[in-house]
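If you want the building blocks of each chain, they are given just below.
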Amino acid sequence: MADIRNNPYLAHMHDSAQNEADSNANQAFAKLVPQKTTAAQQEAAENDDYNGLTGRQFSEKYKQILAKRRELPVNKQRQGFLDLIHNHQFVVLVGETGSGKTTQIPQYMLLDMLPQTEGKLIACTQPRRVAAMSVAQRVAEELDVKLGQEVGYSIRFEDCTSSKTMLKYCTDGMLLREAMSDNLLSRYSAIILDEAHERTLNTDILMSLMKNIATKRSDIKIVVMSATLDSEKFQKYFNDAPLLTVPGRTFPVEIYYTPEPERDYLDASIKTALQIHATEPEGDILVFLTGEEEIEEACRLLRARGDDLIRRAQCGPLLIVPLYSTLPPNMQQKIFEKAPEPRTKGGAPGRKIVVSTNIAETSLTIDGIVYVIDPGFAKQKVYNPRVRVESLLVSPISRAAAQQRAGRAGRTRPGKCFRLYTEKSFQNDLIEQTYPEILRSNLGTIVLQLKKLGIDDLVHLDLMDPCAPEVLMRALELLHYLGALDDDANLTQIGHIISEFPIDPQLAKMIITAADYGCTNEALSIAAMLSVPNVFVRPREAQRAADAAKGEFAHMDGDHMTLLNVYHAYKSCSEPAQWCWDNFLQLRSLKSADNIREQLRRVAVKFDIPLLSNDFNSPSYYPQIRKALTAGYFMQVAHLERNGQYLTVKDNQMVLLHPSSVLDRKPEWVVYNEFVLTKRHYIRTVTEVKPEWLLEIAPHYYHLESFPACEGKRILEKIALKNSILQDDQEKKRRKKDKKEKKDKKDKKEKKDKKDKSKKEKRRRDSD
DNA sequence: CTACTCTCC
């Protein structure tokens, strides 16, 4: 704190003040009464010369930002918001882009609740890491504090908070993790859920959790913020919570539809883009397509046809940029480059065309976009509980998504959106909202989390959109077989441990069991490698070289061991960047695998799982690892039938080894990491196992009566029979041995008893 | 003989 007495510029304050503490205190701030503040009182506290949170004098920059904050649409409704939150536990707030809700509402809450006076804090959740970080940074500036002190953020691998923190932005996944060890979120006096309209898995679960917590903690306040107008559903879900609507600040976007349906949307998008370039005024174009391959193809075509157009029609130059998440970061940066200058001074203006997946729908904002081309499709995850498979399907987007895409044209000035479908189709064929993720996912991990969150009654699980019972059953079944849930669907000891690992339950089970096989270190590495995007790069122009490079790491047992080889090689190379480039590996993925491995290792240590490795030169080095793998993946096994085709053992799906597999032979028994549903059914990331292991490691699963008939089943039955005969033999021998031992023991005991008796009697006699 | 839409712990 600056000492006023030594500061000549502030001497007048010292003179007039009663004492030093009072003189540089924020009087207005000191008058705030928790949960009784008014907008006027809050503004007075913000207008003071001193920061009520830190006691420091406000900076010039603070005052400049404050003026801007006052102009945000949400500020006009500060009093309205405070009135609602004073009288209700839940408030639903709808604010479109540009309303200022994400930065301002948490600050209003902070001044109103003063959580720090009770040693608590306020959390505001975001679906994405970057958002949590950048908003926290912004709000720290607005409050004139250092990021990580009074205002901080918390995301995976990075906790930027301190004991001083009173407002924390975090990913919703992070808050969920916290709730797993503190079911009532008792550290928090208020929770603000942002971007709730996106309905991510984590947001949906958090919403359910908040409803649950609210019944047990009358003191907690909850604000649910959404950008869409289907607020009624939110209000209803949160016990008829009151609604506050805040207008946004964007520019109008004109919508155009095609008169007739387009047969080939790729071709239509290219034509539309070039037509815009030829006829519309300056402004960049954003085209939404579905995936990497399609986007690269579109860029090629655009470049070729664009050159032609520029030559013939004297249009300006074009900058064509692809955008999707697996694009290397330096390539992603290109979307922020300016449109090219006219070829000659005063000539036709240049234009930038960004061809993107729906990463540009929410995650990335590109300034300067004036035209949006929306063919109306996206790759979306779907879950089929019957075959227990998640897959990607190109499917029509929802009206809400179409609206979101169109909005991308109006961020800097009025724009236009060209929808490559008819208006009738928009009204009749598109669904209102995208199905929330929870209805499109395998719920294994989720159910485990819910149990850990203390939400036990899954039958009456209160979700905004209840999931299909069959999907729940699948999840319970999986967790039961893994030993994470007991017969009454309660968390077991192992289940507790599995739930603490931030990976698929099968992988966690593998790590835990690996301790029995002396190979936890290797299991950690494999689990990490399986939890990151594909490490193998295969550029179209160098496919052979890439395949050859991958071949260098190939392990004859299969892909899991190959991944282990890659990880080991990565850890021992001296120039990771160059080495990855030379070997067609994705440095980003490997770095991330390393981070994740470290996180997993810490969880293992926390639960006293010993970190073991077998002797690398021992012949059992790899078999032990494969056994650990089997302990996690015994439900994902395929058998090579005599006709040369693989059948999954549990439900007789015909599958093919994925062509990316390093296995150039067809082992009879394999476990697989993933079932891929495209034109054909593939199993991807595959390793050879022995049928004996299946029965040995997962006897509870291999109750063969319930399995459909196939060769694999017959072989397993034979082995089981042999085992049982052996077992009977052993049992007999053991019983014999037991009998003998018992008899021996009995004899011994009788002898001893006799001795004791005589001793006792002797003592008694002695004492008498 | 082929894929990784997008996130998150």
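Residues numbered from 1 in each chain as written. Chains lettered and ligands numbered in written order. Predicted model: local features only at pLDDT ≥ 70, side-chain atom pairs only at ≥ 80, totals over all residues. Heavy atoms only, no water.

Draft legend 1. Here's a closer look at the protein's contact with DNA strand B. Taken together, 31 residues lie around DNA strand B, and Ser325, Lys379, Asn534, Thr678 and Arg684 are the ones closest in. When atoms of DNA strand B within 4 Å of the protein are split into backbone and base, the sugar-phosphate part holds 63%. Within the side chain of Arg177, an N or O atom sits 3.2 Å from a base oxygen of DNA strand B. Within the side chain of Lys379, an N or O atom sits 2.4 Å from a phosphate oxygen of DNA strand B. For the surface near DNA strand B, the secondary structure elements donating two or more residues are α9 (172–181), β14 (377–384) and β21 (681–688). Ranked by residue count, the leading element in the surface near DNA strand B is α9, at three residues. Grouping the constituent residues of the surface near DNA strand B by class yields 10 nonpolar, 11 polar and 10 charged. (Near = heavy atom within 4 Å. Polar contact = N/O pair within 3.5 Å; in protein donor to acceptor, adjacent residues only side chain to side chain. Helix = DSSP H or I, 4+ residues; strand = E, 2+ residues; numbered from the N terminus. Nonpolar A, V, L, I, M, F, W, Y, C, P; charged D, E, K, R; others polar.)

Draft legend 2. Broad picture of the sheet that holds strand β2 (residues 121–126). Pairing within the open sheet is mixed, and its eight strands lie in the order β4-β3-β5-β2-β6-β7-β1-β8. Sheet topology places β4 (158–160) and β8 (243–246) at the edges, where each strand pairs with a single neighbour. On average, each strand axis in the sheet is inclined to that of its neighbour by 20°, with strand direction left out of account. Taken together, the five bridges between β2 and strand β6 (residues 188–193) define a ladder with parallel strand orientation. Bridge pairing links Ala123 to Ile191 in β6. Each of β1 (90–95), β2, β5 (167–171), β6 and β7 (221–226) is contacted by helix α7 (residues 101–113), which is oriented at about 170° to β7, the strand it contacts most. In this fold α9 packs onto β2, β3 (151–155), β5 and β6, with an angle of close to 100° to the strand it touches most, β5. (Pairing = 2+ DSSP bridges. Axes fitted to C-alpha atoms, helices over the stretch in contact; angles between N-to-C directions. Contact = heavy atoms within 4.5 Å.)

Draft legend 3. Spotlight on the pairing of strand β20 (residues 669–677). When you tally the buried positions in β20, you get seven out of nine residues, the bulk of the element. Taken together, the three bridges between strand β17 (residues 637–640) and β20 define a ladder with antiparallel strand orientation. Note that in β20 the partner of Val637 across the bridge is Val671. Where β20 folds back onto β21 in an antiparallel hairpin, the turn is made up of three residues. (Buried < 20%, exposed > 50% of the residue type's maximum accessible area, 1.4 Å probe, protein only.)

Draft legend 4. Structural context of the packing of aromatic side chains. Under the defined criterion, the tally for this structure stands at 18 aromatic pairs. Consider the rings of Tyr257 and Phe426, whose centres lie 5.8 Å apart with planes at 50°: the pair is tilted. With Tyr257 in strand β9 (residues 253–257) and Phe426 in helix α17 (residues 423–428), the pair connects residues that are 169 residues apart, well separated along the chain. Residue Tyr257 is classed as partly exposed on the basis of its relative accessible area of 23%. Relative accessible area serves as the criterion here: at 10%, Phe426 is assigned to the buried category. Judged by centre distance (5.7 Å) and plane angle (80°), the ring pair of Tyr701 and Phe707 falls under edge-to-face. Neither Tyr701 nor Phe707 differs from the other in exposure class; each is buried. Through successive ring pairs, a cluster of aromatic residues spans Tyr481, Phe634, Tyr701, Tyr702 and Phe707. Sitting above the plane of the Tyr237 ring, Lys211 keeps its charged end 4.3 Å from the centroid. The ring of Phe536 is capped by Lys550, whose NZ or CZ atom sits 4.4 Å from the centre of that ring. (Phe/Tyr/Trp six-rings, centres within 6.5 Å; stacked < 30°, edge-to-face > 60°. Lys NZ or Arg CZ within 6 Å of the ring centre and 35° of its normal.)

Draft legend 5. How the structure looks around a positive patch on the surface. Together, Lys742, Lys745, Lys748 and Lys751 make up a region of like positive charge exposed at the surface. Assignment of secondary structure puts Lys742 in helix α29 (residues 711–767). A residue is classified by how much of its surface remains accessible, and Lys742, at 63% relative accessible area, is exposed. (Patch = residues over 30% accessible without salt bridge, like charges linked within 9 Å, V, L, I, M, F, W, Y side chains within 5 Å. Areas by Shrake-Rupley, 256 points an atom, 1.4 Å probe, with all protein chains shown as cover. Salt bridge = Lys/Arg side-chain N within 4 Å of Asp/Glu carboxyl O. Lys, Arg positive; Asp, Glu negative; His and termini not counted. Charge placed at Lys NZ, Arg CZ, Asp CG, Glu CD.)

Draft legend 6. The arrangement of empty space enclosed by the protein in detail. Scanning all chains against the criterion turns up three cavities of 30 Å³ or more. By volume, the largest cavity amounts to about 80 Å³. Along the walls of the largest cavity sit Asn26, Phe29, Ala45, Glu46, Asn51, Gly52, Leu53, Phe58, Tyr62, Leu111 and Leu143, which together make up its complete lining. For the lining of the largest cavity, a count of residues per class yields seven nonpolar, three polar and one charged. (1 Å grid on protein atoms, 1.4 Å probe; cavity = no way out; pocket = protein on both sides within 12 Å on 5 of 7 lines; lining within 4 Å. Points joined across faces, edges and corners; volume = space filled by probe spheres on them.)

Draft legend 7. Spatial organisation of the layout of surface pockets. Estimates place the volume of the second largest pocket at around 350 Å³. Around the second largest pocket, the lining comprises 21 residues; the ones closest to its centre are Glu282, Asp284, Lys338, Ala339 and Gly368. Per-class residue counts for the lining of the second largest pocket are eight nonpolar, five polar and eight charged.

Draft legend 8. Representation of a nonpolar patch on the surface in the model. On the surface, Ile431, Tyr435 and Leu439 cluster together into a nonpolar patch covering about 260 Å² of accessible area. Mapped onto the elements, Ile431 comes out in the loop between α17 and α18 (444–452). By relative accessible area, which is 33% here, Ile431 ends up partly exposed.

Draft legend 9. The sheet that holds β17, seen in detail. One closed barrel holds the five strands; their spatial order is β17-β18-β19-β21-β20, and the pairing between them is mixed. Averaged over all neighbouring strand pairs, the angle between strand axes comes to 50°, with direction disregarded. Together, β20 and β21 form the strand contacts of helix α24 (residues 559–572), whose direction differs from that of β21 by roughly 65°.

Draft legend 10. Here's a closer look at the confidence of the model for chain A. Looking at chain A, the pLDDT average stands at 92 and 95% of residues meet or exceed 70. Predicted confidence for residues 14–21 stays below pLDDT 50, and this span has six contacts to residues more than four positions away or in other chains. (pLDDT = per-residue confidence, 0-100.)

Draft legend 11. Here's a closer look at the UniProt feature "domain: Helicase C-terminal" (unreviewed entry) in chain A. Sites flagged by UniProt as "domain: Helicase C-terminal" (unreviewed entry) map to residues 269–454. Secondary structure content for residues 269–454 is 35% helix and 24% strand, and the end C-alpha separation is 49 Å. (UniProt positions renumbered as here; feature names shortened; annotations may be inferred.)

Draft legend 12. Seen up close, the packing of helix α6 (residues 78–87) against α7. Where α6 contacts α7, the axes come no closer than 11 Å and their chain directions differ by 60°. In terms of orientation, α6 and α7 fall into the oblique class. Handedness of the crossing formed by α6 with α7: right-handed. Side by side, α6 and α7 meet where Arg78, Phe81, Leu82, Ile85 and His86 of the first sit next to Ile105, Tyr108, Met109, Leu111 and Asp112 of the second. Taken together, the residues that form the contact of α6 with α7 break down as seven nonpolar, one polar and two charged. (Parallel < 35°, antiparallel > 145°, perpendicular 65-115°, else oblique. Left-handed = near helix turned anticlockwise from the far one by under 90°.)

Draft legend 13. Region of interest: the side chain of Arg69. Structurally, Arg69 can be placed in helix α5 (residues 60–70). With a relative accessible area of 3%, Arg69 lands in the buried category. Leave out the neighbours within four places in its chain, and Arg69 touches Glu46, Asn75, Gln104, Gln107 and Glu142.

Draft legend 14. View of unusual backbone geometry. In this structure, Phe584 takes a positive phi of about 55° despite not being glycine. Among the structural elements, Phe584 can be located in the loop between α25 (576–582) and α26 (587–606).

Draft legend 15. Representation of the state of the cysteines within the structure. Inspection of the entire model under this criterion finds zero disulfides. Looking at the unpaired Cys580, the closest cysteine sulfur is the one in Cys573, lying at 6.3 Å. The exposure class of Cys580 is buried, given its relative accessible area of 2%. (Disulfide = S-S within 2.5 Å.)

Draft legend 16. Focus on the UniProt feature "domain: Helicase ATP-binding" (unreviewed entry) in chain A. Those places that UniProt annotates as "domain: Helicase ATP-binding" (unreviewed entry) correspond, in this numbering, to residues 82–247. Secondary structure content for residues 82–247 is 40% helix and 25% strand, while the C-alpha to C-alpha distance between its ends is 17 Å.

Draft legend 17. The arrangement of the packing of helix α4 (residues 39–47) against α5 in detail. Viewed as axis vectors pointing N to C, α4 and α5 meet at an angle of 155°, and their least axial separation amounts to 11 Å. Here α4 is positioned roughly antiparallel relative to α5, judged by the angle of their axes. Here α4 contributes Glu43, Glu46 and Asn47 to the contact with α5, which in turn contributes Tyr62, Leu66, Arg69 and Arg70.

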